[in-house]
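# Results of the structural survey
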Amino acid sequence: MRVPADGGAGPATVRFYVATDGSDDWSGRLPQPNAARTDGPFATIDRARDAIRQLKQKGPSPGPVEVLIRGGMYFLAEPFVLTPEDSGTEMAPISYAAYPGEKPVLSGGRRISGWEKGAGQTWTMHLPEVQAGRWYFRQLFVNGRRAVRARKPNDGYLRVVGLVNVPSNAPWNRGVDRFRFAPGDIRPWHDLTNVEVVVFHSWNTSRVRIAEVDEEAGIVRFTGKTIFRPLAWDPQQRYYVENARELLDAPGEWYLDRQTGMLTYWPRKGEDMAAAECFAPVLTELVRLEGDPDAGRFVEHVRLEGLSFQHADWTLGPKGYGDPQAAVTIPAVVMADGARHCVIRRCEIAHVGRYGLWFRRGCKHNRIEQNHIHDLGAGGIRIGEPHMAKTDTAESSHNVIANNYIHDGGYVYAAGVGFWLAHASHNLFEHNEIHSFNYSGISLGWNWNEAPTRTLHNTIQFNRVHHVMRGVLSDGAGIYTLGTQTGTVIRNNVFHDIWPYMGRPAMAWGIYFDQGSNGLTVENNVVYHTLTGGLMGTGKPAIVVRNNVFALSAWQAAWRYAWTHEPAGRVEKNIFYMTQGELFHPAHGRDDTHTIWDYNLYWRTDGKPLEFYGEPFQAWQAKGRDRHGLVADPRFVDPERYDFRLSPDSPARKLGIQSIDTSRCGIVEPPELVTLARQAKFPATKLPPVPPPPAPVTIDDGFETTPVGAPPAGAVVVVEGRGDAIAVTDDRAASGRRSLKLTDAAGLEHVFNPHLYYRPHFRDGRAVLQFAVRMGPGAVLAHEWRDARSPYRVGPSLRIDAAGQLFASGKRLLHVPTETWLRVEIVCDLGKSADGTYDLTLRLPGQPPQRFLELPCGTPTFNQLEWLGFVSLANGPSVIYLDDVKLDRNL
């Protein structure tokens, strides 16, 4: 930026200056102090703002007003706030900009200096304001690098051992205020109420404060609840502990003792604490454009350019933190409401504990461009709100977000995303680069259904989004969508290296249409290096997926998922290029005959047959799909170097597929930001191997070795904890002294509770099941075999009603007296030997066995046993006993 001379053809520009050697008592009209030091620049940006207010009181400015800020560090005592009275006009905008060639830093922190050598490898400093309760901070930055709050373990995670008094079928979104831990993992550390536990759920985290620790029982209790229930999905539920003095045991770690005010830091290699530049935040917010769109008051025609905003903290409430997704409740350090025709350009936002920038409510026709946003506690940029505005005025729309470099976030709130937009329309997000976040790169929409929304007609184009999820969270994507998004276009982007946490569940896609998604067009994108596919959720209505490349995925190329409703979506002229794994997830989308698939090209390079749900391409075509499609080498220019342009002789061209040039994706200006983004280094990607199918699990349980009152070993038990139960008992036994008792109750939420099931993973051979059952008065039992598809296929099935009538595959076969042991044997061929039937043998005491041959399975194509269940279906108090459960091959 060059400072022109005042004057010229147009109205003169009014300039004020701010400098670190200035004074708020001066005029602010000189770029440096005069020789006599009687006049010069202001010392603070707030004083410059106030000078502009005074100037405007004399009448409207005929031309632009600029505040040029000299290089150096400016420590903010409070956020810099602009209100409607600070607005400019179209002909006379107001700018706060860096002086040409210099970098001013507006810091919300304080410099930490005067370290003294402490015990061992540590250095310490006493902070009286902390001890007095006037200051506390949760971040420390040393030489521009985020230090690590003392934690355990230093790398990786601890594991939740179990829950306390929580039913096994408690809703996954109902949090808990305690859990069981392994011996030694959690201790009654110093200043315990300031020690925090960070719990990792599938796609988000909870951060809770410790209330008390019972080491003997191995139970930790929190001051509030987690957002979701631990162990809802992953039996190896992860967490780590942070901010205990006793955990400071590695270079780069620090601890602030709130009681004594003592700050302790263990320097990293090469850090000289006598010369190190250290900063700790005081503020949580740095800039606010404070309009009120609902009252018709706006901040307009204001520019922030070339400024660096650094050092802002995060907070934690008394009961901790938890968000349903994307760290949605976390604000930004630069906030705007009611901003119109404003520009934030070539600024930096760094070393902060929240989101970087959020144009929230009633923000229209703004430009956010060429900014560097990094080292973030949560995510990067947000547009719009989680709740739909009632008026057009209050909606954020028609904003341009372009050429921003957004990277390295999620350090406090792991679910923060690079770019978040919801209930905002007609926005353009283009030529940005996003990488190094722990959840999705981009999140669009905030409706988990098809309810009315304002997330419409947005354009996401020419961006590069890569190296997100980072093995930390799961169930996310390069770009993730929710709800109705009519007119929204996602085109000419590159999404790659999207790798989730490899626990349960491990899921990450390139483009993910989640609940309610409809009305989007996705075209000319290149997606590669994903775990579970380039594409997820094609059964959504009015979705168009056209002319994309989905390549080099690890486990599946796509999850089609379930059909929703008309109007049917279209998946056309795409290339699915595989080197391993499956084309489609076998359990999802198999039965979607509505979504139109055609003119697609498929290829795999490993020599294995390309299968469409276990069938060849010809069978796929015979079902009306891809009648004009091909299985052929697309002849990319250089797929090993991720050049997926088409060679001139590519067979894809005959299908009308256009070559995709990604050279203009990502940042294109300014040159220094382009260069900076290209300097980022990442390890070479090696696709994780396809996991082998789970090994078959046999069952042989007479419940004799399981303690009375305990659940059965090897089974998943689902109870509501409202009088229902499943536990081993010594009340009755078909053999030995114990059996399994299913106790039903009145008033349960679901009629299918209580129930239990096993996961046998039998996929071939002859499966033989034996068990004994005893029905109490009024009891109703359902027994069923299922595969893992969605919707699942049913194999053998039995039902004994309250009158004692036994039905198999819908046919009444036998009367079972109450309080009598019935022995059951089921034989069913699986895999290639499956013929859709099974044999059943029933034995009652004192009666000859009754055999029923070739009974029809619930689904004629059933051929795998993945779920073996026993369900109590009574609507009131009743008891069922099970014993001698055996499952094997050819018993």
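Summary of the structure given here. (Residues numbered from 1 in each chain as written. Predicted model: local features only at pLDDT ≥ 70, side-chain atom pairs only at ≥ 80, totals over all residues. Heavy atoms only, no water.)

### Some words on empty space enclosed by the protein
By rolling a water-sized probe across the atoms, one finds the places where empty space is left. Taken as a whole and judged by the stated rule, the model has 4 cavities of 30 Å³ or more. Quantified by volume, the largest cavity comes out at close to 100 Å³. If you trace the largest cavity, you find it lined by Phe 200, His 201, Ser 202, Trp 233, Asp 234, Gln 237, Arg 238, Ser 474, Tyr 501, Arg 504 and Pro 505. Broken down by class, the residue content of the lining of the largest cavity amounts to 4 nonpolar, 4 polar and 3 charged. (1 Å grid on protein atoms, 1.4 Å probe; cavity = no way out; pocket = protein on both sides within 12 Å on 5 of 7 lines; lining within 4 Å. Points joined across faces, edges and corners; volume = space filled by probe spheres on them. Nonpolar A, V, L, I, M, F, W, Y, C, P; charged D, E, K, R; others polar.)

### Describing the pattern of salt bridges
Summed over the entire model, instances satisfying the criterion amount to 52 salt bridges. Taking the shortest distance from any N to any O, the salt bridge between Arg 53 and Glu 85 comes out at 3.8 Å. In this pair, Arg 53 is assigned in helix H1 (residues 45–57) and Glu 85 in the loop between strand E4 (80–82) and strand E5 (94–98), connecting sequence segments 32 residues apart. What makes Glu 85 partly exposed here is its relative accessible area of 45%. With its nearest N and O atoms 2.8 Å apart, the salt bridge here joins Arg 70 to Glu 102. Separated by 32 residues along the polypeptide, Arg 70 in the loop between strand E2 (65–69) and strand E3 (72–75) and Glu 102 in the loop between E5 and strand E6 (104–107) bring together distant segments of the chain. Given a relative accessible area of 28%, Glu 102 falls into the partly exposed group. Taken together, the salt bridges that share partners define one network made up of Asp 46, Arg 49, Asp 50, Arg 53, Glu 85 and Asp 86. (Salt bridge = Lys/Arg side-chain N within 4 Å of Asp/Glu carboxyl O. Helix = DSSP H or I, 4+ residues; strand = E, 2+ residues; numbered from the N terminus. Buried < 20%, exposed > 50% of the residue type's maximum accessible area, 1.4 Å probe, protein only.)

### Things to note about the pairing of strand E46 (residues 476–481)
In the case of a regular strand, side chains alternate between the two sheet surfaces. Of all 6 residues in E46, 6 are buried, a share of seventy percent or more. When strand E43 (residues 442–444) meets E46, the two strands line up parallel, connected through 3 bridges. Paired with Ile 442 across the two strands is Ile 479, which belongs to E46. Pairing of E46 with strand E49 (residues 508–513) involves 5 bridges; the strand directions are parallel. Directly across from Gly 476, in E49, lies its bridge partner Ala 508. (Pairing = 2+ DSSP bridges.)

### Section: the pairing of strand E77 (residues 867–872)
The buried fraction of E77 amounts to 6 of the 6 residues, a majority that puts the element mostly inside the structure. What you see with E77 is no split at all: Trp 867, Gly 869 and Val 871 on one side and Leu 868, Phe 870 and Ser 872 on the other are buried throughout. Inspection of the sheet shows strand E68 (residues 755–758) paired to E77 by 4 bridges, in the antiparallel sense. Bridge pairing in E77 places Tyr 758 opposite Leu 868. Bridge count for strand E70 (residues 781–786) against E77 is 6 bridges, and the pairing is antiparallel. Across the sheet, Leu 781 pairs through a bridge with Ser 872, a residue of E77.

### Overview of the packing of aromatic side chains
As enumerated under the stated definition, the model contains 45 aromatic pairs in all. With a centroid separation of 5.0 Å and 90° between ring planes, the pair formed by Tyr 480 and Tyr 512 is classed as edge-to-face. Residue Tyr 480 is located in strand E46, and its partner Tyr 512 is located in strand E49; the two are separated by 32 residues in the primary sequence. Residue classification places Tyr 480 among the buried residues on the basis of a relative accessible area of 1%. Since its relative accessible area comes to 4%, Tyr 512 is described here as buried. Aromatic rings pair up to connect Phe 550, Phe 576, Phe 584, Trp 597, Tyr 602, Phe 612, Tyr 613, Phe 617 and Trp 620 into one cluster. (Phe/Tyr/Trp six-rings, centres within 6.5 Å; stacked < 30°, edge-to-face > 60°.)

### Description of the layout of surface pockets
Size it by volume and the second largest pocket reaches roughly 900 Å³. The wall of the second largest pocket is formed by 35 residues, among which Arg 146, Val 148, Arg 151, Tyr 240 and Tyr 411 lie closest to the centre. Taken together, the elements giving at least two residues each to the lining of the second largest pocket come down to strand E11 (145–146), strand E12 (148–149), strand E16 (196–200), strand E17 (205–214), strand E19 (238–242) and strand E20 (253–256).

### Some thoughts on the sheet that holds strand E35 (residues 381–384)
Hydrogen bonds between backbone groups are what pair the strands of a sheet, and the pairing can be parallel or antiparallel. Taken in spatial order, the 12 strands of this open sheet run E4-E23-E28-E32-E35-E39-E43-E46-E49-E52-E55-E58, and their pairing is parallel. Among the strands making up the open sheet, the edge pair consists of E4 and strand E58 (582–584).

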